[in-house]
Amino acid sequence: MAIIQEEERLIDHSPKSQTKVNETLERVASYGLQPNMIIYLMQGYNLEVVTATSILNIWSALSHGLALLGAFVSDSFFGRFRVVAIGSISSLFGMAILWLTTIIPQLRPLPCDQFEINECNRPTPAQFFVLFFSLGIIAVGAGFVRPCSIAFGADQLDNKENTNNNRIMESYFNWYYATIGMSTLIATTLIVYIQDAFGWQVGFGIPVILMLFSVSAFLLGSPLYIKVNATESLFTGFFQVLVAAVRKRNVNLHSVNCENYYHHSPDSEIQALTNSFRCLDKACIIEDPQIDINRDGSASNPWRLRSVEQVESLKSLVRVVPIWSSNINVQLSLNQFSFSTLQTQTMDRHIFFSDFEIPAGSFSVFMVITLILWIALYDRAFVPLMERYTRQQGGLNPVLRMGIGLVLSSTAMTLSAITEGIRRDIAIDQKDVYPQDGPNIASVDMSAMWFVPQYVLLGLADAFNAIGLVEFLYSELPKSMSSFVVAIFTLGMAVSGFFGSLIVNVLDSVTSYGGEISWLSSNINKGHLDYYYWLLAFFNILNFLYILLICRYNRPQGPS
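Residues numbered from 1 in each chain as written. Predicted model: local features only at pLDDT ≥ 70, side-chain atom pairs only at ≥ 80, totals over all residues. Heavy atoms only, no water.

A.B. asks: Explanation requested: the overall build of the protein in the structure shown.
C.D. replies: Scanning the protein from N- to C-terminus turns up 20 helices and 2 strands. Across the 560 residues of the protein, 55% fall into the buried class. Long-range contacts, defined as pairs at least 24 residues apart, comprise 80% of the intrachain contacts of the protein with a sequence gap of at least 6. Counting only carbon and sulfur atoms, one obtains 63% of the accessible surface of the protein, whose full area is about 25,200 Å². (Helix = DSSP H or I, 4+ residues; strand = E, 2+ residues; numbered from the N terminus. Buried < 20%, exposed > 50% of the residue type's maximum accessible area, 1.4 Å probe, protein only. Contact = heavy atoms within 4.5 Å. Areas by Shrake-Rupley, 256 points an atom, 1.4 Å probe, with all protein chains shown as cover.)

A.B. asks: What should I look at first to understand unusual backbone geometry in this one?
C.D. replies: Generally, phi is negative for residues other than glycine and the peptide bonds are trans, each holding for most cases. With a phi angle near 55°, N46 is a residue other than glycine that sits in the positive phi range. If you trace the backbone, N46 turns up in the loop between helix 4 (37-44) and helix 5 (49-65).

A.B. asks: I tried to follow the pattern of salt bridges on my own but got confused; where do I start?
C.D. replies: Between side chains of opposite charge, pairing is possible as soon as their charged atoms come close. For the coordinates displayed, the defined rule picks out 8 salt bridges. Of the charged contacts in the structure, one is a salt bridge between R349 and E357, with a shortest N-O distance of 3.6 Å. A relative accessible area of 36% places E357 in the partly exposed class. Close ionic contact of E471 with R401 constitutes a salt bridge, the shortest N to O distance being 3.2 Å. With E471 in helix 18 (residues 452-476) and R401 in helix 17 (residues 398-429), the pair connects residues that are 70 residues apart, well separated along the chain. The same class applies to E471 and to R401, which are both buried. Because the salt bridges share partners, they merge into one network encompassing R278, D281, E312, K315 and R319. (Salt bridge = Lys/Arg side-chain N within 4 Å of Asp/Glu carboxyl O.)

A.B. asks: Even after reading the chapter, I still don't get the side chain of S316, so can you show me in this structure?
C.D. replies: Position of S316 among the secondary structure elements: in helix 13 (residues 308-325). S316 gets classed as buried once you look at its relative accessible area, which sits at 5%. Within the local environment of S316, its side chain forms a polar contact with the backbone oxygen of E312, the two atoms lying 2.8 Å apart. Beyond its immediate sequence surroundings of up to four residues, S316 is in contact with E476, L477 and P478. (Polar contact = N/O pair within 3.5 Å; in protein donor to acceptor, adjacent residues only side chain to side chain.)

A.B. asks: Can you help me understand the environment of E420 in this one?
C.D. replies: When you line up the elements, E420 lands in helix 17. With 30 residues separating them in the primary sequence, E420 and W450 have C-alpha atoms 9.6 Å apart. Once residues within four sequence positions are removed from consideration, E420 is found in contact with Q343, F451, I524, L529, D530 and Y533.

A.B. asks: Which parts of the structure should I look at to understand the confidence of the model for the protein?
C.D. replies: Regions with low pLDDT carry predicted coordinates that are not meant to be interpreted in detail. Here the protein averages 78 in pLDDT, while 81% of its residues score no lower than 70. When the elements of the protein are averaged for pLDDT, helix 1 (residues 2-13) gives the smallest value, 38, and helix 7 (residues 80-103) the largest, 91. Confidence over residues 434-441 falls short of pLDDT 50; this stretch has 17 contacts with residues more than four positions distant or in other chains. (pLDDT = per-residue confidence, 0-100.)

A.B. asks: Hey, could you run me through the environment of V330 in this one?
C.D. replies: Topologically, V330 is positioned in helix 14 (residues 327-334). You can call V330 buried: its relative accessible area is 1%. Distance in space between the C-alpha atoms of V330 and L458 is 9.0 Å, their sequence separation being 128 residues.

A.B. asks: What should I look at first to understand the packing of aromatic side chains in this one?
C.D. replies: Taken as a whole and assessed by the stated rule, the structure comprises 17 aromatic pairs. Consider the rings of F81 and F218, whose centres lie 5.2 Å apart with planes at 25°: the pair is stacked. One end of the pair, F81, is in helix 7; the other, F218, is in helix 10 (residues 200-220), and 137 residues separate them in sequence. Comparing F81 with F218, the two get one shared label, buried. Seen in terms of ring centroids, F129 and F133 are 5.9 Å apart; in terms of plane orientation they differ by 20°. Their pairing is stacked. Taken together, the residues span about one helical turn, with F129 and F133 both in helix 8 (residues 125-157) at a distance of 4 residues. Its relative accessible area of 56% is what places F129 among the exposed residues. Residue F133 is classed as partly exposed on the basis of its relative accessible area of 35%. Linked through ring pairs, W374, Y378, F382 and F464 together constitute an aromatic cluster. (Phe/Tyr/Trp six-rings, centres within 6.5 Å; stacked < 30°, edge-to-face > 60°.)

A.B. asks: What am I meant to see in a nonpolar patch on the surface here?
C.D. replies: Together, Y193, F198, V202, I351 and F356 make up a nonpolar patch on the protein surface, roughly 480 Å² of accessible area in all. Structurally, Y193 can be placed in helix 9 (residues 165-198). (Patch = residues over 30% accessible without salt bridge, like charges linked within 9 Å, V, L, I, M, F, W, Y side chains within 5 Å.)

As structure tokens, this is what we get:
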């Protein structure tokens, strides 16, 4: 109870609380564009489902991949506050341009129903340029905000002198993702409903207004924030460690007592090297103190001598790569909303016997609700219960939580394949196989509520895997890499986006070879989405075996 009270006191009176409103508005604005985006691309730009899905996957990949650039600029040049500000303004600009595509008819091709011919007009190069430019600017903004916002919030709370600091930071990570979930909940319900009920102009205009309020609130709160100054570039430091190690490749680590010749930074918290990747240890060996060390104790040539802390930072990064890579396939499973939206569009979306119909793009709300409820239950009930009986702070081991997430992800994809197979069979029995491809809407005599269990499982998978991975990265990497932690996490999302786009295009080409109907046809009743989900379930099973292998051979490293 004392820990919880101290945590609430710090959160309620910290500058972080001053940014809660604008962070929520920012996420509602950005996430409000995503659920129905595939429908907008198919209806507004006359694109096939594979093309639209590829665009969205690449957009998602860029949004997450550019987090590396955001982390680099933040830690090396501008600091987190300025990078978040630049990213927020960039996102606002991109959203405004995307909104204009719904207002100005010349920015989109004419709708298909205005032609008597079978072929719809495709977007012109100029129309594609405006679309891609707006998505690109939004991606740059997201890349700057995502790696720095969580670290910027942690800067406001992190207090090493507080004995409950670890518990407070763990709770902060949980509730940070709960805030993301709440923002997504609003975006996938209210914003999507407005898009369906009032059209794209109003539906895309509201996120722009929310983003404007978000940017204004963030900038107005500037005097209240704790702002950590930028330091040396991590990327440059990593490269210097590699160069220094190569230059000293002939040094024999066993010939002398190297511990007496290691270079230590004056304010370094790391005093000993671990016994992994010992070839990198050569980068911090002092060969000639008169030449290698300045009077103030710093290295005279950073391309020939690095400190123990800098060497260990690179080692830590290399060590976490195998565990990090296991998250890619989970993110691939979570990114199937485009197809799920098309599936639920063809089904009965009424809640039981009521007249209210859930928008097709809002079904991911069940995943978000599950994530929020589980985080609250885990943080406020499960963790205190474990602490009471184990007398140790913290909940489940982060890697164990990631493994549970992999199992849940595999189960969700298996259930998705079974449910889609049933939906398709019912559609064929009803003869709802349309004469031509396209985003046509028809009602299959099956409730869309059958898709809720898979969303619940995906919500739990995300809660276990994503938060577990972030905690693992924060615990394994030095504090100086805090912004880089989120960049590494979002890089996994970027890789999954590119990988997902590759899978979609390869499957479409292979399964449509020889005039056959593609598994991923725009007419999902003719295609075989169930086979696609079975393939993802198989990938998840392989991924679970992969992480078991990693845990078997990746043991904690002690001092060398």
